[in-house]
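Inside the fold
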Amino acid sequence: MHFIITDAWLAKSRAVHLSGSRLMAALVGLSLVMLLLAAGLYHWVIFKGARESWPVIGILVKLVVKDEFEQRDRFMRENLDAMARKLGEMQAKLAQLEALGERVSGLAGLNPAELRSASAQGGALVTGRPLSMEELQATLADLDRLTGQHADLMTVAESRLFDQKIRKMMVPTQQPVSAGHIASSFGWRIDPFNGRSALHTGLDFQAQTGTPILAAAGGVVVTQEAHPAYGNMVEVDHGNDLVTRYAHASRFWVKKGDLVKRGQKIAEVGTTGRSTGPHLHFEVMVQGVPQDPQKFLAAGRGLPAIRTASRR
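As a starting point, this report considers the structure included with it. Everything numeric here is computed off the predicted structure, so don't read it as measured data.

Rules and cut-offs
- Residues numbered from 1 in each chain as written.
- Predicted model: local features only at pLDDT ≥ 70, side-chain atom pairs only at ≥ 80, totals over all residues.
- Heavy atoms only, no water.
- Helix = DSSP H or I, 4+ residues; strand = E, 2+ residues; numbered from the N terminus.
- Buried < 20%, exposed > 50% of the residue type's maximum accessible area, 1.4 Å probe, protein only.
- Contact = heavy atoms within 4.5 Å.
- Core = buried A, V, L, I, M, F, W, Y, C linked by side-chain atoms within 4.5 Å.
- Polar contact = N/O pair within 3.5 Å; in protein donor to acceptor, adjacent residues only side chain to side chain.
- Salt bridge = Lys/Arg side-chain N within 4 Å of Asp/Glu carboxyl O.

Below, the discussion takes up the overall build of the protein chain. Along its length, the protein chain carries five helices and 12 strands. For the protein chain, the residues scored as buried account for 27% of the 312 residues in total. Across the protein chain, the fraction of contacts at a sequence separation of at least 24, relative to all contacts at a separation of at least 6, is 65%.

What follows concerns the nonpolar core. Nonpolar side chains in soluble globular proteins tend to end up buried together. Within the largest apolar cluster, 23 residues are counted, with the highest numbers of intra-cluster contacts made by Ile213, Tyr246, Ile266, Leu280 and Phe282. Residue assignment for this core shows that the elements contributing at least two residues are strand 4 (203–206), strand 7 (231–237), strand 8 (242–252), strand 10 (265–269), strand 11 (279–286) and helix 5 (293–299). If we skip the residues at most four places from it in the chain, Ile213 touches Pro176, Tyr246, Ala249, Gln264, Lys265, Ile266, Ala267, Glu268, Val269 and Leu280.

Turning our eyes to something else, we now look at the side chain of His238. Among the secondary structure elements, His238 is positioned in the loop between strand 7 and strand 8. Residue classification places His238 among the buried residues on the basis of a relative accessible area of 3%. Of the polar contacts made by the side chain of His238, one reaches the side chain of Thr244; its length is 2.8 Å. Setting aside residues up to four positions removed in sequence, His238 forms contacts with Met170, Ala217, Gly218, Gly219, Val243 and Thr244.

Here we take up the pattern of salt bridges. Tallied over the entire structure, the rule returns six salt bridges. With a closest N to O distance of 3.3 Å, Arg189 and Asp204 form a salt bridge. In this pair, Arg189 is assigned in strand 2 (residues 187–190) and Asp204 in strand 4, connecting sequence segments 15 residues apart. Among the residues examined, Arg189 registers a relative accessible area of 26% and is labelled partly exposed. Residue classification places Asp204 among the buried positions, given a relative accessible area of 8%. When the shortest N-O distance is used, the salt bridge between Glu268 and Lys265 registers 3.1 Å. For the pair Glu268 and Lys265, one class covers both residues: buried.

That's the geometry; what it means functionally is another story.
Take a look at the structure:
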């Protein structure tokens, strides 16, 4: 009897459990059907109201469209602001490139106006699709990268050209007397005082007393003294064991230790020391050995003469 009651209870429990599962499934199915019906009804009402211009539906549609336009406008403004910042950075880099180009062209001896002239372009027009926002941003990024690379290359070129110019400015290639002619060349000659053969270790530039004597290159004044043979003498060290000597001056314009530029007035022509008349004795020495100054001056004939303001 006990077993019969237990079996009956178990059968009843299973029936109740199965009924609960079926009820849950039915509820889920009913919810899905209601959701689909609601969605279909919503779209039908919206579209029908929009076509037939129902006031309430029209207002809802306008609000939705307005919100979409506002989101699109906000997206466009954010992208335009980002592009404007990128363009501003590129304009700054282009201005830097232009300034670098002018300096490099000046160091290279080119006319900056020739570099600024527009390049000639042409060809048949083959139209294509408009650029997307992503493609435009990628193009700007490529231009920004190329601009940065060109600025780096121009900076390196400017540095090397400036170094070359400095080296040229430190070589005595400028004629030390602008208003004068060579009266005696470098080499063996008959000495004007004793009539014997003697080595003339420089060039004699005949000029009027008081004619400016110019530094043939930039350097440091290492000697400014009255010498028994050279008279009032100035020596300028240009580095790399290269020294120039200016002798028989009537007046000094620099003193020992002064830094002088190429073309700067350092003294005035005179006839002090062992001299027969007003002139400049000009020497170029490499490691203390006299060299023919004509070789240096000939190398600088293609360079523009420079005259800088003298300093007292």
